[in-house]
Protein chains: 2
Amino acid sequence: VDPTLPIALERLARLLGRLPGVGERSAQRLAVHVLGQDQDYARALGEALNALHDSVGFCRQCYHLAEGELCRICQSPARDPRQLCVVEDVPDLMAIERSGEFRGLYHVLRGALSPLKGIGPRDLTLDDLLRRIDAEPPEEVILATSISVEGEATASYVLGLLRHKLADGKPIRVTRIASGVPQGSDLEYLDQATLGRALRARLPFQR
Amino acid sequence: VDPTLPIALERLARLLGRLPGVGERSAQRLAVHVLGQDQDYARALGEALNALHDSVGFCRQCYHLAEGELCRICQSPARDPRQLCVVEDVPDLMAIERSGEFRGLYHVLRGALSPLKGIGPRDLTLDDLLRRIDAEPPEEVILATSISVEGEATASYVLGLLRHKLADGKPIRVTRIASGVPQGSDLEYLDQATLGRALRARLPFQR
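Residues numbered from 1 in each chain as written. Chains lettered and ligands numbered in written order. Predicted model: local features only at pLDDT ≥ 70, side-chain atom pairs only at ≥ 80, totals over all residues. Heavy atoms only, no water.

## Points about the relation of the copies chain B and chain A
Next up, step 1: Aligned on chain A, chain B shows an RMSD of 0.2 Å; the corresponding rotation is 179 degrees and the shift along the axis is 0.0 Å. Taken together, the rotation angle and the small translation identify this as a two-fold axis. Taking the C-alpha atom as reference, chain B places Gly46 of chain B closest to the rotation axis, 1.9 Å from it. (Least-squares fit on C-alpha atoms with pLDDT ≥ 70 in both.)

## Examining the sheet that holds strand S3 (residues 80-87) of chain B
Residues and elements named next belong to chain B.
Next up, step 1: Taken in spatial order, the four strands line up as S4-S3-S5-S8 in an open sheet, and their pairing is parallel. The two strands at the open ends of the sheet, each matched to only one other strand, are strand S4 (104-108) and strand S8 (173-176). When the angles between neighbouring strand axes are averaged without regard to direction, this sheet yields 25 degrees.
Next up, step 2: As judged from the five bridges shared by S3 and S4, these two strands associate in the parallel manner. Opposite Leu84, over in S4, you have Leu105 as the bridge partner. (Pairing = 2+ DSSP bridges. Helix = DSSP H or I, 4+ residues; strand = E, 2+ residues; numbered from the N terminus. Axes fitted to C-alpha atoms, helices over the stretch in contact; angles between N-to-C directions.)

## A closer look at the side chain of His107 of chain A
All names here are of chain A.
Next up, step 1: In this structure, His107 sits in strand S4 (residues 104-108).
Next up, step 2: In this structure His107 comes out as buried when scored by relative accessible area, which is 0%.
Next up, step 3: At a separation of 2.9 Å, a polar atom in the side chain of His107 contacts the side chain of Thr125.
Next up, step 4: For His107, the side chain forms a polar contact with the side chain of Arg132, separated by 3.1 Å. (Buried < 20%, exposed > 50% of the residue type's maximum accessible area, 1.4 Å probe, protein only. Polar contact = N/O pair within 3.5 Å; in protein donor to acceptor, adjacent residues only side chain to side chain.)

Following this line, the structure appears as structure tokens:
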């Protein structure tokens, strides 16, 4: 605590400092910035924070953020229920939405398997995923967990759970998002693991 | 606006996105993070924001942040009124306080002269500075405005205002913080202007 700062400012800075990526100094800077703005801004932000948990929860079906029982994606008649994309968490879902490449439904696992962090299958929303797939089997399940040891382990585990599931008498197709050299990246500076993967996963070249 | 996100979350993200250094995506990420925390945290942050402007204002004497009429520095009997340090804004004051090198008083100008941004002498707290110096002249005024075109122009302007001011019959000493190579920095990667300045401002070497 900086003894030269007003207590109300320090209190705000301490709370802001608990946000991810906000250190002690930048929390102070943010608090001073808010104070320098119109009071209406601080009030609006305060009210948005107070209202947040009361008006936003998780979708009963897919665990995306939702204002009611179902999220806006599960509610939308424009989305294709034949494709189900499995992600670790909401920011991943949001990133896929921004890509504009996917028009199916999602399932948010709320984490990834991690023996180190003590996260096992029961900590994820896997039971709900299976119930959902049994009730309304999609043609394809896209595993979009992260490209990391934990993400791979989670994808493998889900693959095992889905192995004998059928949709209209046919096995459900289980796919994994591609891993490789990212767009615009310079091979010279790319990490070995990514480059090795990109080589192993090479495809016939077409033009 | 992301149509797949709850409105209450979007509202919070939009407000967070107005903070300095917080882009649209990181605002969304922060909002999702807050939602993932205990509701008590969001409430505490909301209340701290609501209370901020009501309990914190600016010091009547130096324009630092203050809970009452005077800030904690101006109120402190431990500070030396013979030294007055002039800074552009509150974060600069806080940085100097963190250095632990200064035990005098401050004056916050609330900006720097900038013809480009349309900021002239009347937009700064210069009248208050002069009134204050006339009422209780310090022995030394330290100009700690930034090392930049605007900071230099502001320091020169203040120097002009103080030229004929006296303290106990003697001219007030007006000094400027040193500019040079920062601690631990590698000359090879330092910008030309800083290195040039450091050379011109060289001092006799002592050991």
